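This is what each chain is made of:
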Amino acid sequence: MAAKKEAKQLAEQEEVTDAGQQQEQIYQAGSVTPEGGRHKIHCLTIIGQVEGHYILPPQNKTTKYEHVIPQLVAIEQDESIRGLLIILNTVGGDVEAGLAIAELVSGMKKPTVSLVLGGGHSIGVPLAVSARYSFIAPTATMTVHPVRMNGVMLGVPQTLSYFDKMQERISGFVCQNSHISPQRFRELMMKNGELVMDIGTVLDGEAAVSEGLIDSLGGLHEAVEKLYDMIDAQDQEKEKSASPQKDDTGSDNNGRGKSSGKKNAGSAKKHRTPALQSSAAEEISSSSKKRGRKKQTAPERRV
């Protein structure tokens with residue numbers, strides 16, 4: 001009885017420790033790694049404004065990219081974490097910082113699913129489509145608009161060229177990771193008359209799916225189940241690739257069936273030998289004929 005009580009107390013202490021670590025993780029990084037589901041996944045939140053090279057005022061809710069990038073690297077290297085769930089509710093932010101996070105997510109080997117709640121505006125659009133599969137809540141919205149810059153700018157043609165190149169980077173990434181065409185995305189981005197002090201388009205959940213920007217409507221349950229299904233599919237592919245495959249001769253790829261291959265190679269050499277001999281004989285006869293012709297046509301020397 002005493003041993004059972006001690007084991008129970010140890011289990012309770014471990015549960016309390018795990019809960020405390022999860023709460024600390026949520027407080028410090030805005031992320032959590034739950035372990036009670038079908039697979040162990042990591043939940044990463046991108047909220048408020050994406051903070052880049054400049055520190056925003058303390059009253060702003062921000063997501064610091066220098067905190068997110070190491071987390072993504074750790075998730076990719078941790079074999080115990082099977083997938084990544086990204087929850088977005090962002091107004092946008094620094095373009096280069098947002099693109100850096102989006103590029104890391106799109107380049108991950110592990111299954112990734114994104115869920116847009118509330119809003120995924122501006123640079124939140126590339127972040128939402130960077131996952132392998134994306135969801136959006138029916139009441140959520142996404143704002144598509146051109147690149148903007150705050151602060152002092154030089155009124156020279158080079159500035160407009162810089163804006164154009166940056167916009168091409170964003171548009172190219174979005175179109176490569178979603179089902180929307182570049183022409184349609186540019187139309188939504190340059191649309192006027194919808195926003196009061198800007199140009200662009202505001203898309204709700206259904207419109208974002210119909211335009212091909214987001215894959216499907218859904219909530220937390222749909223996103224988690226989709227991530228679990230992707231993990232299961234990845235495991236099945238690994239099992240298929242690990243099993244031995246048979247070639248056309250009926251032998252597998254583990255080295256068996258080599259003797260038959262040698263026999264076939266020997267028979268092929270035997271079949272090729274007469275052909276080579278006949279071709280060599282023909283070449284000799286043709287060369288002798290040519291020499292004979294040269295002797296006949298050669299002019300006689302007279303003294």
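Look a little higher up for the structure.
Residues numbered from 1 in each chain as written. Predicted model: local features only at pLDDT ≥ 70, side-chain atom pairs only at ≥ 80, totals over all residues. Heavy atoms only, no water.

A word on the packing of aromatic side chains. In this description, a pair of aromatic rings is defined by centroid distance and the angle of the planes. Across all of its chains, the model carries 2 aromatic pairs by this definition. Ring geometry for Tyr133 and Phe135: centres 5.1 Å apart, planes at 55°, overall tilted. Arranged with centres 6.4 Å apart and planes meeting at 45°, the rings of Tyr162 and Phe163 form a pair that is tilted. Look at Tyr162 and you get partly exposed, because its relative accessible area is 40%. (Phe/Tyr/Trp six-rings, centres within 6.5 Å; stacked < 30°, edge-to-face > 60°. Buried < 20%, exposed > 50% of the residue type's maximum accessible area, 1.4 Å probe, protein only.)

At Ser122, a residue that is not glycine, the phi angle is positive and equals roughly 55°. You can see Ser122 is positioned in the loop between strand 5 (112–120) and helix 4 (124–129). (Helix = DSSP H or I, 4+ residues; strand = E, 2+ residues; numbered from the N terminus.)

On the surface, a nonpolar cluster with roughly 280 Å² of combined accessible area is contributed by Met149, Met153 and Tyr162. For Met153, the location among the structural elements is in the loop between strand 7 (141–144) and helix 5 (157–176). (Patch = residues over 30% accessible without salt bridge, like charges linked within 9 Å, V, L, I, M, F, W, Y side chains within 5 Å. Areas by Shrake-Rupley, 256 points an atom, 1.4 Å probe, with all protein chains shown as cover. Salt bridge = Lys/Arg side-chain N within 4 Å of Asp/Glu carboxyl O.)

Attention shifts here to the pattern of salt bridges. Oppositely charged side chains may form a pair once their charged atoms are brought near each other. With the rule as written, the count across this model stands at 10 salt bridges. One salt bridge connects Arg82 with Asp235, and the closest N-O pair in it is separated by 2.5 Å. On the criterion of sequence distance, the pair formed by Arg82 in the loop between helix 2 (65–77) and strand 4 (83–93) and Asp235 in helix 8 (residues 220–242) is long-range, its members being 153 residues apart. With its nearest N and O atoms 3.0 Å apart, the salt bridge here joins Glu187 to Arg184.

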